[in-house]
Amino acid sequence: QLVESGGGSVQPGGSLRLSCAVSGFTSDDYAIAWFRQVPGGDEREGIACDSGKDGLTYYSDSAQGRFTISRDAAKNTVYLQMNNLKPDDTATYYCAGEEFVDGDYWSNDEWYDYWGQGTQVTVSS
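Residues numbered from 1 in each chain as written. Predicted model: local features only at pLDDT ≥ 70, side-chain atom pairs only at ≥ 80, totals over all residues. Heavy atoms only, no water.

Hey, could you run me through the nonpolar core in this one?
A general feature of soluble globular proteins is that nonpolar side chains tend to end up buried together. If you look at the biggest cluster of nonpolar residues, it comprises 24 residues, and the most contacted ones within it are Cys20, Ile32, Trp34, Phe67, Leu80, Met82 and Tyr93. At the level of elements, β3 (16-22), β4 (31-37), β5 (45-50), β7 (67-72), β8 (77-82), β9 (91-98) and β11 (119-123) are the ones that each hand at least two residues to this core. Here this core takes four residues from β3, the largest share from any one element. Those residues in contact with Cys20 that sit more than four places away from it in its chain are Leu2, Val3, Glu4, Ile32, Trp34, Asn76, Thr77, Val78 and Cys95. Formed by nine residues, the second largest nonpolar core is a distinct cluster that contains Cys49, Tyr58, Trp106 and Tyr112. (Core = buried A, V, L, I, M, F, W, Y, C linked by side-chain atoms within 4.5 Å. Buried < 20%, exposed > 50% of the residue type's maximum accessible area, 1.4 Å probe, protein only. Helix = DSSP H or I, 4+ residues; strand = E, 2+ residues; numbered from the N terminus. Contact = heavy atoms within 4.5 Å.)

Okay, structure coming up:
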């Protein structure tokens, strides 16, 4: 089970840290990714991924340099630190898990079997 938290409303340029609490399996053994879906949108955009066992991280172009994915093994939790937020970052953010992820497909939501319920992020002035 994956449970997201940490969403909210923030002004442009602000920061938020999202959390993905993992239960039922050890987060270190799984790839955990963050996706987002804009209001009214059909597709989920891959934002960041921590591959788990390989220790590799992946970022979308829109996240690179502003967002950081990290893990706390003791808490079995994965975080997404988001800085310099922009109105275009407004979306529902989801974490997703899979035992193994191919680096070429990490941003493909069909790759993942486990999903959280989402947390809303709103960036506006």
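Don't stop here, the text continues.
Explanation requested: the state of the cysteines in the structure shown.
Applying the stated criterion across every chain, the model contains one disulfide. A disulfide bridge connects Cys20 with Cys95, and the sulfur atoms are separated by 2.2 Å. Between Cys20 and Cys95 the sulfur-sulfur dihedral comes to about 70°; the bridge is accordingly right-handed. Of this pair, Cys20 sits in strand β3 while Cys95 sits in strand β9, and the two are 75 residues apart along the sequence. Judged by its relative accessible area of 0%, Cys20 falls in the buried class. With no disulfide of its own, Cys49 has Cys20 as its nearest cysteine by sulfur position, at a separation of 12 Å. For Cys49, a relative accessible area of 0% corresponds to the buried category. (Disulfide = S-S within 2.5 Å.)

Would you mind going over unusual backbone geometry with me for this structure?
The general pattern is negative phi for most residues beyond glycine and trans for most peptide bonds. Even without being a glycine, Asn76 presents a positive backbone phi close to 50°. When you line up the elements, Asn76 lands in the loop between β7 and β8. The backbone phi angle of Asn84 is positive, close to 50°, even though this residue is not glycine. When you line up the elements, Asn84 lands in the loop between β8 and β9.

What is the right way to look at the pairing of β7 in this model?
In regular strands, side chains alternate between the two faces of the sheet. By the bridge criterion, six bridges tie β7 to β8 in an arrangement that is antiparallel. Directly across from Phe67, in β8, lies its bridge partner Met82. In this structure, the hairpin formed by β7 and β8 is closed by a connection of four residues, where Asn76 is found at a positive phi of approximately 50°. (Pairing = 2+ DSSP bridges.)

Looking at this model, I keep getting lost on the pattern of salt bridges. Mind explaining?
Oppositely charged side chains are able to pair whenever their charged atoms sit close together. If you walk through the whole model with that rule in mind, you get five salt bridges. Residues Asp89 and Arg36 are paired through a salt bridge, measuring 2.8 Å at the closest nitrogen-oxygen approach. Of this pair, Asp89 sits in the loop between β8 and β9 while Arg36 sits in strand β4, placing them 53 residues apart in sequence. With respect to class, Asp89 is no different from Arg36; both count as buried. (Salt bridge = Lys/Arg side-chain N within 4 Å of Asp/Glu carboxyl O.)

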